[in-house]
Amino acid sequence: MLAFIIRRLLGAIPVVVLVALIIFCLLYFAPGDPATIIAGDLATPEEIDRIRVALGLDQPFHVRLGIFLLNLVKGDLGTSIFSNLPVTHLIAQRLEPTFSLGVLTVLLSVVVAVPLGALAAWRARRAVDRLALVVSVLGFSVPVFVVGYLLIWVFAIKLAWFPVQGYTPLSHGVGPWLSNLVLPTLSLGMVYIALITRITRAGVLEVLSQDYIRTARAKGMGDRVIIWRHALRNAAVPIATVVGIGVALLLGGVVVTETVFAIPGVGRLLVDAILRRDYPIIQGVILLLAGIYIIVNLCVDISYAIFDPRIRY
Amino acid sequence: MTVTRRAFLAGSAMAAGALAGSAGLSAPAIAQTKKNVLRVVPASNLSGIDPVVTSGQPVRNHGYQIYDTLFGMNTRFEVKPQMAEGAEQSADGLTWTIRLRDGLKFHDGEKVLARDCVASLKRWGARDPLGQTIFGLTDELRAVDDRTLEFRLKSRFGLLTKGLAKIGGPAPFIMPERIAQTDPSVSIKEAIGSGPFRFLADEWVPGSRAVYAKFDGYVPRDEAPDCTSGGKMVHVDRLEWHVIPDAATATAALQRGEVDWYHGPDLTLLPLLSQDPAINTEAYDDLGYMTVIRFNHLQPPFDRLEMRRAIQMAVNQVDYLQAQVGMPDLYKECRSAFFCGTTMSTGAGSEVMAANFEKAKALLKSSYKGEKVAIPTATDLSWLHAASLVTEDLLKRMGVNVELQAMDLGTFYKRRTSMEPVDKGGWSIFHAGFSVTDILDPSTHLGLRANGKQTWPGWPTDPVIEQLRDEWMTADPQDQGAIVRKIEARAFETVPFVPLGQFQTPSARRRTVTGMLKAPLPLAWNIKLA
């Protein structure tokens, strides 16, 4: 297993380099220019040119690429064109809110969706199955921002149970931290609950039709034991895969949720940077996201061995 | 290696613990209920801290919290001494001597000296168009002693103190000499001024939050505050800018009392806020904004005067204002190159804006050769995008081959600098918005510059209007009115742009917030919290 992990991590290095090259080229050739944004709406061409030279944006492609790669090797993601702050500092400021939101969303989704999906499979075509279907359809079809607005209206404005927006770090206490994250987590979690519920239901339903389940039943084993010990465990591999894929989808959903709930996370940092053409931030955040995705995939692969003893690396 | 489920769970728990431990590294929370803290939702994000490199409104507004200026302006746009005790002009009008008030200090505790002012003004003068004019007319600017600076001019220039009181960005803020010596095209790294608030750099999260503390060492003037002049009395301990990008969320946060003042609420949500008894919707800026159509004078078809005149004649300002604002009590028609309601606005020559569609169509028919007209539009700015849609419709009805090209603001700004033909990535028309401080008079009005490729995109060339501007800059005050009339008339004759009326943008604040000053920008001094 250790050799497998090391092999996978080494294999990730060319992937990260490729991502870095692709994002650099995309930004280089994309329309837009940070100098025009810094100079402002009423700037003259002369002023814009002066700023472009000062930022080094007048340098040819190979020079800028060389500087970028050299800094990357040194672990330097550069400084923001606009705020002059190091990209690592800006990302560090934003990492905790996004990480908190992501982890809570995945936890909530798994805790709600796996039992609901298993229950729906166990009671297929009955009321609980129909309820799970309704939850899934709603989760898939109602956009994250609509859910967010509804939650704000009901729970923040009408009932005043939770704050409308913002983020309180965990260091200020679990209560305030959670209070700010309940509504965003519910909002973002809807689609993942829907996805994992459907996958769990399908996986468990398939397992329940296997011979060894029939044998277990014939031996007089109770339904609860069959579902939790046999069916769910054997259906865990596709569920883990979907949870892993869900993390990638979640990174997209986080942008919308962070905007609706004004959470200062990495998603908003990235969107703001794209709108302003703050190249170092865009490059830094994309590399971070690529790294997260690689690690999540690795975790999913490791989880296969945990859920299925037949899998060995 | 074999990983058991137990080991896996233990590892997960450790990861969660590490997350909890690292939480202390991140920035402090948004204040939900803090005493004597003014929590504001600014109109847009503070992305940088250099008010000289960046002329955008958020940085200018940030600048007014932490910096001071030698002169301020009142709501009638009259110049008043601010950091200066006063200014004396020599008999020949060529030497201006400005003496600083006693007791002025920077936030780092250092005294404000004349040499700080000299360095700051020189840096500003390298970036700002009016500053460039001032320094073009200046033989020497020097610090005579610690509290006195002196301008020696090449010729009489009555606008010197007005320039030093300029509100529109870049504003002539005073910063320590060591910071002001930074290249004017490179952003400064420290935000230290002598203004009524201190910038708390450690708490700055670009895109989310900017925090200021009351500067205890600030010495306000004795006069009552009036716009950017007078005594800047600070009654709150802390000022927090919370960037809430979503208008509906910002509105809800204001209703809920999580923030106190929302500088620029979305106009579509204004009725909701107006109905809330806890909220006051009142504009801090009574003049607001003016949108204009800007033509590309370098490329067909708007390099031809008849084409520009046809559009000018066809424009019905109400169509634009309805699309942009929709509430008649918030807008008014204004056929002027300047803001109606200011002394500059004469309306001379504006009768050509007759909103006569048929006549305009006939005029266009004689000059239009079927060229494609490209209108780039930034969808990020809804009010400018709305104006672009109205123009697209107008041109289509006139029989023009028009293409609206929607894009984000970053792409739009870049696209606008292209002088190429439309088929090579150029453009024909764009829409822009001015606040009153941008176009207060001919000295700052970029839309009226007509020095070709050196000026703002659109690049008109008109030596007459340039000469009139130069005359106005050096004329005695009693003669300036007549020159402004000529400038306006010339603008309607040559059509460097078409004004589309002006509208107010109310701000919304909780009724616990009192003392809001009227000004073209949101000011945090004089504000009290109940």
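Residues numbered from 1 in each chain as written. Chains lettered and ligands numbered in written order. Predicted model: local features only at pLDDT ≥ 70, side-chain atom pairs only at ≥ 80, totals over all residues. Heavy atoms only, no water.

In this section: the packing of helix α5 (residues 87–122) of chain A against helix α12 (residues 266–276) of chain A. Residues and elements named next belong to chain A. Contact pair α5 / α12: the axes reach a minimum separation of 7 Å and the direction vectors enclose 135°. Taken as axis vectors, α5 and α12 run oblique relative to one another. Contacts between α5 and α12 involve Leu90, Ile91, Arg94, Leu95 and Thr98 on the former and, on the latter, Val266, Gly267, Arg268 and Leu269. A per-class count over the contact of α5 with α12 returns five nonpolar, two polar and two charged. (Axes fitted to C-alpha atoms, helices over the stretch in contact; angles between N-to-C directions. Helix = DSSP H or I, 4+ residues; strand = E, 2+ residues; numbered from the N terminus. Parallel < 35°, antiparallel > 145°, perpendicular 65-115°, else oblique. Contact = heavy atoms within 4.5 Å. Nonpolar A, V, L, I, M, F, W, Y, C, P; charged D, E, K, R; others polar.)

A word on the sheet that holds strand β6 (residues 95–100) of chain B. Residues and elements named next belong to chain B. Within the open sheet, the four strands sit side by side as β5-β6-β8-β7. Their pairing is antiparallel. Edge strands, defined here as strands with exactly one partner in the open sheet, are β5 (84–89) and β7 (138–145). Across the sheet, the axes of successive neighbouring strands diverge by a mean angle of 15°, strand direction being ignored. Pairing of β6 with strand β8 (residues 148–153), which is carried by five bridges, proceeds in the antiparallel orientation. In the strand pairing of β8, threonine 95 is matched with arginine 152. Lying on the sheet, helix α3 (residues 114–127) is in contact with β6, β7 and β8; it crosses β7 at an angle near 155°. Lying on the sheet, helix α4 (residues 129–136) is in contact with β7 and β8; it crosses β7 at an angle near 90°. (Pairing = 2+ DSSP bridges.)

Below, the discussion takes up the UniProt feature "domain: ABC transmembrane type-1" (unreviewed entry) in chain A. Look at the UniProt record and you will see "domain: ABC transmembrane type-1" (unreviewed entry) annotated at residues 95–300 of chain A. Taken end to end, residues 95–300 of chain A is 83% helix and 0% strand, and its first and last C-alpha atoms sit 22 Å apart. (UniProt positions renumbered as here; feature names shortened; annotations may be inferred.)

Opposite charge on two side chains lets them pair, provided their charged atoms get close. Overall, the coordinates contain 39 salt bridges over all chains when judged by the stated rule. The partner of B:Lys414 in a salt bridge is A:Asp33, with the nearest N and O atoms 3.7 Å apart. Taken together, the residues span two chains, with B:Lys414 in helix α13 (residues 409–416) and A:Asp33 in the loop between α1 (2–29) and α2 (34–39). Judged by relative accessible area, B:Lys414 falls into the partly exposed class, the value being 30%. Two residues, B:Arg397 and B:Asp393, come together in a salt bridge whose shortest N-O distance is 3.1 Å. Of the two residues, B:Arg397 and B:Asp393 both sit in helix α12 (residues 382–397), four residues apart, roughly one turn of that helix. The network of salt bridges with common partners includes A:Asp33, A:Asp49, A:Arg52 and B:Lys414. (Salt bridge = Lys/Arg side-chain N within 4 Å of Asp/Glu carboxyl O. Buried < 20%, exposed > 50% of the residue type's maximum accessible area, 1.4 Å probe, protein only.)

A few words now on unusual backbone geometry. Omega for the peptide link from B:Gly169 to B:Pro170 comes to -10°, which places this bond in the cis form. By the element assignment, B:Pro170 lies in the loop between α5 (160–164) and β9 (173–174). One non-glycine residue, A:Arg277, lies in positive phi territory at about 60°. Here A:Arg277 shows up in the loop between α12 and α13 (279–307). Judged by its relative accessible area of 8%, A:Arg277 is buried. At B:Cys227, a residue that is not glycine, the phi angle is positive and equals roughly 60°. Counting through the fold element by element, B:Cys227 comes out in the loop between β11 (209–214) and β12 (238–242). When its relative accessible area of 1% is taken as the criterion, B:Cys227 is described as buried.

What follows deals with the packing of aromatic side chains. Within a pair of aromatic rings, the relevant descriptors are the distance that separates the centres and the angle that separates the planes. Going through the model one piece at a time under the given rule, you end up with 25 aromatic pairs over all chains. Relative to A:Tyr149, the ring of A:Phe145 lies with its centre 6.1 Å away and its plane at 80°, an arrangement referred to as edge-to-face. Placement of both A:Phe145 and A:Tyr149 in helix α7 (residues 144–158) is noted, with a separation of four residues, approximately one turn of the helix. The exposure class of A:Tyr149 is partly exposed, given its relative accessible area of 29%. Consider the rings of A:Phe155 and A:Trp161, whose centres lie 5.7 Å apart with planes at 40°: the pair is tilted. A:Phe155 gets classed as partly exposed once you look at its relative accessible area, which sits at 24%. An aromatic cluster is built from B:Phe412, B:Tyr413, B:Trp427, B:Phe430, B:Phe434, B:Trp456 and B:Trp459, whose rings are joined through pairwise contacts. For the cation-ring pair, B:Arg397 lies above B:Phe357, with the distance from its terminal atom to the ring centre recorded as 5.0 Å. In this structure, B:Arg416 packs its charged tip against the face of B:Phe430, placed 4.7 Å from the ring centre. (Phe/Tyr/Trp six-rings, centres within 6.5 Å; stacked < 30°, edge-to-face > 60°. Lys NZ or Arg CZ within 6 Å of the ring centre and 35° of its normal.)

Residue and element names in this part refer to chain A. Under the domain assignment, chain A is made up of domain 1 (14–73) and domain 2 (91–307). Using only C-alpha atoms to locate each centre, domain 1 and domain 2 end up separated by 36 Å. Between domain 1 and domain 2, the residue contacts involve 16 residues of the former and ten residues of the latter. Summed over the shared surface of domain 1 and domain 2, the result is zero salt bridges. Inspection of the domain 1/domain 2 interface yields one residue pair in polar contact (both at pLDDT 80 or more). (Domains from an automatic or database assignment. Polar contact = N/O pair within 3.5 Å; in protein donor to acceptor, adjacent residues only side chain to side chain.)

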